[in-house]
Amino acid sequence: MTNARELFLYRREGAYIPRIAAVHDLCGYGKCSLGVAIPVLSAAGCDVCPVPTSLFSAHTKFPTFYMHDTTSMLDGYLDAWSEVGIGLDAVYSGFLGSAGQVGAIQRIYADHPQALRIVDPVMGDGGAKYPTYTDEMCAAMAALVDGADLLTPNLTEASILTGVDYQGQDVTDEFVRENMRRLLDMGAKNVVIKGISRGDGKIRNYLAGSDVAFEEVAAEQLPYMLHGTGDLYASALLAAVMAGKSLYESVAFAGRLVRDAMVITRDQPDFELRGVSFESVLGEVTGLV
């Protein structure tokens, strides 16, 4: 088995700027999705090419929000990309607007077979699906597990994908291992299960791969929760990967960045609703390259 400290998913060469398709939603207000992915990955010296899966007035934690599903435009959008001849080094997918958008992601994979596949299966948290997600959408999301170079679910999303009953946050290592085994059996190459809390002041992220030993990477847990930390974590993890860091280094970096952003967020107005403020820690991301 390979040590995660020795596994590099991407080798950065010289002054080359890697290009990433970010297949996520866009929120007008609130800190999540493309509003996080674009600045974080750009700070890591990446060229971010958005593929908007839906448009929101605000994220779904707000009591009122408007959503526009972009499924009907994606074929034309990707047709135009094909005509231009876009090249991609990675495809990073997150929140989807409909089950049919899985096919759009698979089309990008087919058009760019050498690109890394990073799947953040954004479906729910705390044991519940997000309000716009249906059982059909969750089932469709499972199709993206097979072939994912890096899959980054939380425990709720791992439960939805594997069929293992959600048991809350205070779970054993063996429970996490079982989820990991099932996701790897479904075809994921490397898995990071993120954001596990056992109430002891640490937030735990676990990693494993088809050829990578199971490992825990812990960071300080702060005594409050924020919307958007999962998106920030996955984006920071990918930023470190594309900067040429090992999988272990990338997992550890993402945990530190989220913690540092949460400290700053606490001093912002309406922070518990608006979400994680990452802007002041983007210098940490720039420092990766």
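Bear in mind the structure is a predicted one, so any value in this text is a computation, not a measurement.

**Comments concerning helix α2 (residues 71–84)**
Taking 1.5 Å per residue as the helical rise, α2 with its 14 residues ought to reach 20 Å, and the 21 Å between its terminal C-alpha atoms agrees with that figure. Taken together, the buried positions of α2 are occupied by L74, L78 and W81. Summarising the axial view, the buried residues of α2 lie within an arc of 50 degrees, below the 170-degree limit, and thus occupy one face. Residues of α2 that are exposed and point more than 90 degrees away from the buried face comprise S72 and E83. A positive phi of about 85 degrees marks G85, the residue just after α2.

**Some thoughts on the nonpolar core**
Among soluble globular proteins, nonpolar side chains are generally buried collectively. If you look at the biggest cluster of nonpolar residues, it comprises 55 residues, and the most contacted ones within it are L41, L207, L232, M242 and V285. Counting residues per element, the ones that place at least two in this core are β1 (19–29), α1 (34–43), β4 (90–93), β5 (116–119), β11 (212–220), α7 (229–242), α8 (247–265) and α10 (282–286). The residues touching L207, leaving out its near neighbours within four places in the chain, are A4, M180, V191, V192, V212, A213, F214, E215, V217, L247, Y248 and V251. Core analysis: the second largest hydrophobic core is formed by 49 residues, L88, F95, A140 and A208 among them.

**With respect to the environment of S93**
With respect to the helices and strands, S93 occurs in strand β4. Remark: the alpha-carbon pair of S93 and D120, spanning 27 residues in sequence, is separated by 6.0 Å. In contact with S93, other than residues within four places in its own chain, are V23, H24, I105, Y109, I118, V119, D120 and L144.

**Regarding the UniProt feature "domain: Pyridoxamine kinase/Phosphomethylpyrimidine kinase" (unreviewed entry) in the protein**
Taking the numbering used here, the UniProt-annotated feature "domain: Pyridoxamine kinase/Phosphomethylpyrimidine kinase" (unreviewed entry) corresponds to residues 42–263. For residues 42–263, helix accounts for 39% and strand for 24%, while the C-alpha atoms at its two ends are 22 Å apart.

**Examining the pairing of β1**
Where β1 and strand β2 (residues 47–58) come together, nine bridges link them in parallel fashion. Its bridge partner lying in β2, Y29 is registered against A58. Between the parallel elements β1 and β2, the chain passes through α1 in a crossover that is right-handed.

**A look at the pairing of β5**
Of the pairings in the sheet, the one linking β4 to β5 comprises four bridges and is parallel in character. Counterpart to Y92 in the pairing with β5 is I118. Between the parallel pair β4 and β5, the chain is carried across by helix α3 (residues 101–111), and the sense of this crossover is right-handed.

**Remarks on the packing of aromatic side chains**
Counted according to the given criterion, the structure contains seven aromatic pairs. Here F56 and F65 contribute two aromatic rings whose centre-to-centre distance is 5.7 Å and whose plane-to-plane angle is 50 degrees, an arrangement assigned as tilted. By relative accessible area, which is 28% here, F65 ends up partly exposed. With centroids separated by 5.2 Å and ring planes inclined at 75 degrees, the aromatic side chains of F95 and Y133 adopt a geometry described as edge-to-face. Residue F95 is located in the loop between β4 and α3, and its partner Y133 is located in the loop between β7 (128–129) and α4 (135–141); the two are separated by 38 residues in the primary sequence. Under the relative-accessibility criterion, Y133 is labelled buried at 5%.

**Structural notes on helix α6 (residues 173–185)**
Between its first and last C-alpha, α6 extends 18 Å over 13 residues, near the 18 Å set by a 1.5 Å rise per residue. Taken together, the buried positions of α6 are occupied by F175, V176, N179, M180 and L183. All buried residues of α6 lie within an arc of 140 degrees about the axis, which places them on one face of the element. Considering only its buried residues, α6 is in contact with β8 (150–151), α5 (155–162), β9 (190–197), β10 (202–209) and β11. Just downstream of α6 lies G187, where phi reads positive at about 115 degrees.

**Some thoughts on the environment of G35**
When you line up the elements, G35 lands in helix α1. For G35, a relative accessible area of 33% gives the class partly exposed. For the pair formed by G35 and L232, sequence separation is 197 residues and the distance between their alpha carbons is 9.7 Å. Setting aside residues up to four positions removed in sequence, G35 forms contacts with L26 and F278.

**Here's the deal with the side chain of S235**
The residue S235 is located in helix α7 in this model. Residue classification places S235 among the buried residues on the basis of a relative accessible area of 1%. Residues within four places of S235 in sequence aside, it is in contact with V36, A37, V40, L41 and Y92.

**Thoughts on the pattern of salt bridges**
With the rule as written, the count across this model stands at 16 salt bridges. Taking the shortest distance from any N to any O, the salt bridge between R107 and D111 comes out at 3.7 Å. Here the residue R107 and the residue D111 both occupy positions in helix α3, the gap between them amounting to four residues, near one helical turn. Note on R107: relative accessible area 23%, which makes it partly exposed. The salt bridge partner of E178 is R182, with a shortest N-O separation of 2.8 Å. A residue pair is termed a helical-turn pair when its members lie 3 or 4 positions apart in one helix, as E178 and R182 do in helix α6 at four residues. Residues participating in the shared-partner salt-bridge network are E174, E178, R181 and R182.

Rules and cut-offs
- Residues numbered from 1 in each chain as written.
- Predicted model: local features only at pLDDT ≥ 70, side-chain atom pairs only at ≥ 80, totals over all residues.
- Heavy atoms only, no water.
- Helix = DSSP H or I, 4+ residues; strand = E, 2+ residues; numbered from the N terminus.
- Expected span 1.5 Å × (residues − 1).
- Buried < 20%, exposed > 50% of the residue type's maximum accessible area, 1.4 Å probe, protein only.
- Arc of directions from axis to C-beta.
- Core = buried A, V, L, I, M, F, W, Y, C linked by side-chain atoms within 4.5 Å.
- Contact = heavy atoms within 4.5 Å.
- UniProt positions renumbered as here; feature names shortened; annotations may be inferred.
- Pairing = 2+ DSSP bridges.
- Right-handed = clockwise from strand over helix to strand, strands pointing away.
- Phe/Tyr/Trp six-rings, centres within 6.5 Å; stacked < 30°, edge-to-face > 60°.
- Salt bridge = Lys/Arg side-chain N within 4 Å of Asp/Glu carboxyl O.

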